[in-house]
Amino acid sequence: MIHFDEMACLLYLEGQLDPVRAQELSAHTEQCASCRAVLQALQHETILLSSALTEDNEAIPARLISQPARAWPSWVWTLAFGIFAAGAYWLWADGIAPWFAQLSNAGFGGTDMFSMIVFSGAFWEGWSDMIDAMQIGAVILAAILVIAWFRRRLRRPAALAVVVSALLFALALPQHASAAEVLRGRAVLIPSGNVVHNDLIVAGPSVTVDGTIEGDLIAFTRNLTVTGHVTGDVIAFAEQSMIDGIVDGNVRLFTRSAILQGAIAKNVSAFSNSVNLGSKSTVGGGMIVFAAEAELDGKVQRDLMGIIGRTDLDGLVGGQAWIRGRSLNVASTAEIRGPARFEGREQPTVDAGAKLASPIQSEITQEGRRNRRMRARLFVRTVFGYAGALLVGILLLVVFPGFFRATLREVGTIGLPIAIGALGLVTGMFLAILGVLLLFIGVGAGVAGALAYAPILYVAQVFVGAWLGNKIMGEPPVATSAIIGRMAVGLLILRVAGLIPILGGLLWLAVLLWGTGAVMLGIYRITRAESAESAPVQPLPA
Amino acid sequence: MSPAEQAIAPERIAQAKAGNAEAWGELYRQYAPAIFRFCRRALPTREDAEDATMDIFIKVRQKLSQYDASRPFSAWLYTVAANHCWDVLRRRKLRQDLETGEVETMPLEHPDPGQLDRLIESRSSQEVRRALDQLPSRSRMALVLRYYAEMSYDDIAGTLGVRRTFVGVVLLRARHQLREILQGTGAGLATGESA
């Protein structure tokens, strides 16, 4: 007897055999036990396959329970971009543009935002070297390792508790300030003889303090005049600030013109177009000045540091002086008790009669040399930055593969992460400005805020780089090494493209927006997925 | 009956087609679990399946206007899903496009039904699922399309890019490979996988 082969049996079972052959097979199996047995065995196999495939209904992941993100209504986008545009304009008009103007007055090119930040950053740290990207990378690496270590040891609820309590702590911190008295008005005046027994936060076109404030004074105004007594610090964002009274704490000014006539017990820092330290004024501590021009006739008991376009020093500097800028003139009435150093374009002039502990060490930078040095520094920073970012990326991929993939996926959606990143950056900038303030008055919240935001900014490039690598070399297989290879290529392209003047800066801004948004979304998705892991199983529609 | 083969009212599909967000939401909630499970079986990792599910529904929403209401909706949906997954595998280079030659030369012996029955009876669904994961992509895909999504031979042929007459061969070959793995002789079968 001629038997039917297994193929024919299968096609017969699946209803795919043509009718004539199907009839033949059907007739044959009535006679042939062997072929009947094959049919039965195949049938059993089909049942086993179907049940194996349809059983085990794995719960649908939390992030799929809601609809795909692109289903967002268009007004959300419009709103997000609107807010971003407004924020970006505000940031440019009131923040970056005046800074650039000041810095170019102070002898900086003003085109390289990064070097500006790094320079001012290094400046704040004192006299130490530049913080390069590798160091930041190293700190973040350490942080990732610490988090990974905690993750292994803490169960999820515990980890969640840590995060939540940290957030609560961060939220609780600013409440300290909210205990202050808050005043708003067209012209705020604390009259002479009046005493405010609290911190005072004031906003209005003009703020005048003739009385006493037993606490800090924080002012947002056009004209600030302090002729009274402030027992704490004075922090002001103002067009014109005049401090003619007594301040027992520090003075921090972000202003266009700063006039200091009174007695300030501690330190002064001023970001201003012009700074005038009157001859009768005294600063008990040190002074840090970022300004286009400064006339320093009063007494600074400790160090003076400044990035100042034109400096006229007529008064006293009790400690050392370090000034960078275009020109420095030390008048005959001036006195510098510590070592003095000047870096700038013109040789400093010292009038006869000026008392100097030692001659001014000056370094006159020529444009060409400075540019070459800047270029070399930029190259080194690029190489280190690349290595650092790649290392951080690899570590993220190895330690948190889920987060890495979720974030990478978010990068791929392009629109939403850019919008989120833009919002995040605007609020981040605001927090950073606030953070600078808080840093000065010594509250940990500023540090905490900066610590939380900086790593996100830093890892942004990793994900955009990985995405770019994928786009160029194709979607990677699951192998980690392939993903790393693509990330390395993407990051390299970003770094090299970043060296292009202006365009590179814009590119990095886009990378930051895009990447930070994706990281935030990635964190959101991963935390949601984790918290919903034990969510009830979605019943199958059937 | 396929896991998603229950009726979402045709009017709701028509409404979703016309841009009704609520109807679309209903449709998504109804079918997303089944499509996720389909992707889970067709693709190597859970993350891949999640990504693919998202992408498939984005595609479905864009292509909804092309849906022909005379066809069962779930069949159309599975076709979109299958094409997407197959494309993902292709991009990952996990797919073997040069298998057709081997298919034609596959020896089609008469199996020993007793032995096959014993093998089937001794294996649990879980073991079968594990064995499925070890199959080369096309074999796994073919079995998933046929026995999970219950797709027709025509649709399978269209998705896998083989001639219709080869679909049976691909399926039978996949069964043979699966049996080998279940018998413990499947070592090296999955060498085509780079995952």
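Residues numbered from 1 in each chain as written. Chains lettered and ligands numbered in written order. Predicted model: local features only at pLDDT ≥ 70, side-chain atom pairs only at ≥ 80, totals over all residues. Heavy atoms only, no water.

Asks: For this particular structure, what's the right way to read the overall build of chain B?
Replies: Scanning chain B for helices and strands turns up 10 helices and zero strands. Counting from the amino terminus, helix and strand elements in chain B follow one another as α-α-α-α-α-α-α-α-α-α. Burial statistics for chain B: of 195 residues in total, 57% are counted as buried. Roughly 8200 Å² of accessible area belongs to chain B as shown, and the carbon and sulfur atoms make up 48% of that amount. (Helix = DSSP H or I, 4+ residues; strand = E, 2+ residues; numbered from the N terminus. Buried < 20%, exposed > 50% of the residue type's maximum accessible area, 1.4 Å probe, protein only. Areas by Shrake-Rupley, 256 points an atom, 1.4 Å probe, with all protein chains shown as cover.)

Asks: Help me out: how do you make sense of the packing of aromatic side chains in this one?
Replies: The description of two aromatic rings rests on the distance between their centres and on the angle between their planes. For the structure shown, the criterion picks out 16 aromatic pairs over all chains. Centre to centre, the rings of Trp 24 of chain B and Phe 57 of chain B are 6.2 Å apart; their planes meet at 65°, and the pair counts as edge-to-face. Here Trp 24 of chain B, found in helix 2 (residues 21–42), pairs with Phe 57 of chain B, found in helix 3 (residues 46–63); they are 33 residues apart in sequence, far enough to count as distant. With a relative accessible area of 2%, Trp 24 of chain B lands in the buried category. Seen from their ring centres, Tyr 78 of chain B and Tyr 148 of chain B are 6.2 Å apart, and the 85° between their planes marks the pair as edge-to-face. Placement of Tyr 78 of chain B in helix 4 (residues 73–91) and of Tyr 148 of chain B in the loop between helix 8 (137–147) and helix 9 (153–160) is noted, with a sequence separation of 70 residues between them. Side by side, Tyr 78 of chain B and Tyr 148 of chain B carry an identical accessibility label, which is buried. Aromatic rings pair up to connect Phe 220, Phe 237, Phe 254, Phe 271 and Phe 290 of chain A into one cluster. (Phe/Tyr/Trp six-rings, centres within 6.5 Å; stacked < 30°, edge-to-face > 60°.)

Asks: When you look at the sheet that holds strand 13 (residues 282–283) of chain A in this model, what are you seeing that I'm missing?
Replies: Either a parallel or an antiparallel arrangement is found when strands of a sheet pair, and the pairing is made through backbone hydrogen bonds. All names here are of chain A. Taken in spatial order, the 10 strands of this open sheet run 3-5-7-9-11-13-15-17-19-22, and their pairing is parallel. Edge positions in the sheet fall to strand 3 (195–196) and strand 22 (355–356), since each of these pairs with one other strand and no more. Where strand 3 meets strand 5 (residues 212–213), two bridges bridge the pair, whose relative direction is parallel. Directly across from Val 195, in strand 5, lies its bridge partner Thr 212. (Pairing = 2+ DSSP bridges.)

Asks: Explain the pattern of salt bridges to me, please; I cannot follow it from the model alone.
Replies: Pairing of side chains with opposite charge becomes possible as their charged atoms draw close. This structure, assessed with the given rule, holds 19 salt bridges over all chains. For Glu 343 of chain A, the salt bridge identified is with Arg 341 of chain A, shortest N-O distance 3.5 Å. Since its relative accessible area comes to 12%, Glu 343 of chain A is described here as buried. A salt bridge links Arg 405 of chain A to Asp 51 of chain B; the nearest nitrogen and oxygen atoms lie 3.8 Å apart. With one member in each of two chains, Arg 405 of chain A in helix 11 (residues 401–412) and Asp 51 of chain B in helix 3 form a pair that bridges those chains. Here Arg 405 of chain A matches Asp 51 of chain B in class, with each residue buried. Connected through shared salt-bridge partners, Glu 6 and Glu 45 of chain A together with Arg 175 and Arg 179 of chain B make up one network. (Salt bridge = Lys/Arg side-chain N within 4 Å of Asp/Glu carboxyl O.)

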